Amino acid sequence: MATRKKPVISARKKPSQARSTQLVADILEAAIRVLVRDGAPRFTAARVAETAGISVGSLYQYFPNKEAILFRLQAEEWRQTMDRLERILGEASVPPPERLKTAVEVYFRSECDEAAFRIALEDAAPLYRDAPESRSHAEQGRQLMENFMRDALPHASVQERVFAADMIGTVMSAVGKTISSQDRARAEIDRFAAAMGEMFCAYLFRNDKAS
């Protein structure tokens, strides 16, 4: 059985001048418009170049293929979300239960903001998910939650903390994606977040006492 070839998603070169930086920004903005308008199945580098008003050759100077463009969009979205969650979960002056509840609310809101773009980006994920760079981003998310668990559950075993981090990360991701596809009002999203936060805390801190 042939081994599935991993996609090449690294940028070809980084912009070094203001003009080239703006060109990359224009490409990414055009990519968002194409992805939302046409969906993942019809997303192509040629469509992005046309929407950006540049030649395909100019686009290929910075991105080797459509997978690289999509991954860059995902990486930017992921970085913004992870930066916010890292600040919240790492705030030692705030009790762990409150940190977790706030993190759930922020995550759910981020998933529902610009929902059409995020849903289309998730549909495109199979195109770049197997690349090493993509796996590295997923590992950063797991590590962030495990770091929080070390602080929140100091008496739990390593295995218990790893499981708790994986469970909460998995559930947050799944529920966040589901509600983002349902066009819910902000008040409903916040109720979901509050309920999920309470459930997570009930599980985590009961488990900590039991250990």
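Rules used throughout
- Note that residues are indexed from 1 along each chain, following the sequence as it is written.
- Local features are withheld for residues below a pLDDT of 70 in this predicted model, meaning they are given only at 70 or higher, and side-chain atom pairs are given and counted only at 80 or more; totals for whole chains, interfaces and linings count all residues.
- Note that water and hydrogens are dropped before the side-chain values are worked out from all heavy atoms of the structure.
- Only runs of H or I of at least four residues qualify as helices and only runs of E of at least two qualify as strands under DSSP, and these elements are numbered from the N terminus.
- Lining residues are those with an atom within 4 Å of a point, where the points come from a 1 Å grid over the protein atoms alone and group into cavities, where a 1.4 Å probe fits but cannot get out, or pockets, open sets with protein on both sides within 12 Å along at least five of seven lines.
- Grid points are joined across faces, edges and corners, and a volume is the space filled by probe spheres set on the points.
- When residue character is reported, Ala, Val, Leu, Ile, Met, Phe, Trp, Tyr, Cys and Pro are called nonpolar, Asp, Glu, Lys and Arg charged, and the others, Gly included, polar.
- For helices, the fitted line uses only the C-alpha atoms of the stretch in contact; every axis is such a line through C-alpha atoms, and the angle between N-to-C directions lies from 0 to 180 degrees.
- Note that the term roughly parallel is reserved for angles under 35 degrees, roughly antiparallel for angles over 145, roughly perpendicular for angles of 65 to 115, and oblique for everything else.
- In this scheme the handedness of a crossing depends on how the near helix is turned from the far one: anticlockwise by less than a right angle means left-handed, clockwise means right-handed.
- We call two residues contacting when some pair of their heavy atoms lies within 4.5 Å.
- Salt bridges are defined as contacts in which a side-chain nitrogen from Lys or Arg sits within 4 Å of a carboxyl oxygen from Asp or Glu.
- We call a residue buried when its accessible area falls under 20% of the maximum for its residue type, exposed when it is over 50%, and partly exposed in between, using a 1.4 Å probe and counting protein chains only.

Description of unusual backbone geometry
Backbone geometry follows two general trends: most residues other than glycine have a negative phi, and most peptide bonds adopt the trans configuration.
Next, step 1: For Asp-183, which is not glycine, the phi torsion reads 55° and is therefore positive.
Next, step 2: In this structure, Asp-183 sits in the loop between helix H8 (158–180) and helix H9 (186–210).

A word on the layout of surface pockets
Next, step 1: Estimated volume of the largest pocket: approximately 1,000 Å³.
Next, step 2: Considering the residues around the largest pocket, the lining is formed by 37 residues, among which Trp-78, Tyr-107, Ala-138, Ser-173 and Lys-177 are closest to the centre.
Next, step 3: Secondary structure elements with two or more residues in the lining of the largest pocket: helix H4 (66–89), helix H5 (96–112), helix H6 (115–124), helix H7 (132–152) and H8.
Next, step 4: If you tally residues by element for the lining of the largest pocket, the top one is H4, at nine residues.
Next, step 5: Here the lining of the largest pocket is built from residues that sort into 17 nonpolar, 10 polar and 10 charged.
Next, step 6: In this structure, the second largest pocket spans a volume of roughly 250 Å³.
Next, step 7: Glu-76, Glu-77, Gln-80, Glu-114 and Phe-117 are the residues nearest the centre of the second largest pocket, which is lined by 13 residues in total.
Next, step 8: Of all the elements in the fold, those that place two or more residues in the lining of the second largest pocket are helix H1 (18–38), H4 and H6.

Some details on the packing of H4 against H5
Next, step 1: Axis separation between H4 and H5 bottoms out at 9 Å; the angle between their running directions is 165°. One element, H4, and the other, H5, form an angle in the roughly antiparallel class. For the crossing formed where H4 meets H5, the hand is right-handed. Taking contact as the criterion, the partners of Glu-77, Thr-81, Arg-84, Leu-85, Ile-88 and Leu-89 in H4 are, on H5, Arg-99, Leu-100, Thr-102, Ala-103, Val-106, Tyr-107, Ser-110 and Glu-111.

Focus on the pattern of salt bridges
Next, step 1: Scanning the entire structure with this criterion turns up 13 salt bridges.
Next, step 2: Among the ionic pairs, Arg-47 bridges to Asp-38, the shortest N-O distance being 3.4 Å.
Next, step 3: A relative accessible area of 26% means that Arg-47 is categorised as partly exposed.
Next, step 4: By relative accessible area, Asp-38 is classed as buried at 16%.
Next, step 5: A salt bridge links Glu-76 to Arg-72, with the shortest nitrogen-to-oxygen separation between them at 3.3 Å. In this pair, Glu-76 and Arg-72 both sit in helix H4, four residues apart, roughly one turn of the helix.
Next, step 6: Of the residues examined, Glu-76 reaches a relative accessible area of 28% and is grouped as partly exposed.
Next, step 7: For Arg-72, a relative accessible area of 26% gives the class partly exposed.
Next, step 8: Taken together, the salt bridges that share partners define one network made up of Arg-72, Glu-76, Arg-79 and Asp-83.

Any link to function would need more than the numbers given here.
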